[in-house]
Amino acid sequence: MKLNSGCNKDLMVLTTAHEFGHVVGLGHENNRCARMNPTLEPDGTPNHCTQHTLRYWLSHVLQKDDLQGARAIYQR
Ligand SMILES: [Zn+2]
């Protein structure tokens, strides 16, 4: 994983969470709101989520779909 320097550090936090999602085996979520949506808006809103502030997303990094995906992979 490589993050470009010069990016807003708060957006890097959200991007890193997304990229670690891939590391643990999650793919992109293209229908429901999730940190694993393929793109995010400049305020950190994943592209299938309701718009919120960057401050909101920093305290709500993972969405229900992200957690369900991880549980589906690792919970036995
Ligand atoms: Zn991705």
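Structural data are supplied above this passage.
In this report, the structure presented in the accompanying data block is examined. This structure is a prediction, so every number in the text was calculated from the model and none was measured. (Residues numbered from 1 in each chain as written. Predicted model: local features only at pLDDT ≥ 70, side-chain atom pairs only at ≥ 80, totals over all residues. Heavy atoms only, no water.)

## A closer look at the coordination of the zinc ion
- Protein ligation of the zinc ion involves H18 (NE2), H22 (NE2) and H28 (NE2), the donor distances falling in the range 2.0 Å.
- Look at H22 and you get partly exposed, because its relative accessible area is 31%. (Donors = N, O, S within 2.8 Å, 3.2 Å for Na, K, Ca; no water. Buried < 20%, exposed > 50% of the residue type's maximum accessible area, 1.4 Å probe, protein only.)

## Details of the state of the cysteines
- If you walk through the whole model with that rule in mind, you get one disulfide.
- Across a sulfur-sulfur distance of 1.9 Å, C33 and C49 are joined as a disulfide pair. Taking the torsion about the S-S bond as the criterion, the C33 to C49 disulfide, at about 95°, is right-handed. Taken together, the residues span a long stretch of sequence, with C33 in the loop between α1 (9–23) and α2 (54–59) and C49 in the loop between α1 and α2 at a distance of 16 residues.
- For C33, a relative accessible area of 24% corresponds to the partly exposed category.
- With a relative accessible area of 12%, C49 lands in the buried category.
- A disulfide-free cysteine, C7 has its sulfur positioned 20 Å from the sulfur of C49, the nearest such atom.
- Using a relative accessible area of 41% as the deciding quantity, one classes C7 as partly exposed. (Disulfide = S-S within 2.5 Å. Helix = DSSP H or I, 4+ residues; strand = E, 2+ residues; numbered from the N terminus.)

## Let's talk about the packing of aromatic side chains
- The tally for this structure, following the rule as stated, stands at one aromatic pair.
- Geometrically, the ring pair formed by Y56 and W57 is edge-to-face, given 5.0 Å between the ring centres and 90° between the ring planes.
- Using a relative accessible area of 1% as the deciding quantity, one classes W57 as buried. (Phe/Tyr/Trp six-rings, centres within 6.5 Å; stacked < 30°, edge-to-face > 60°.)

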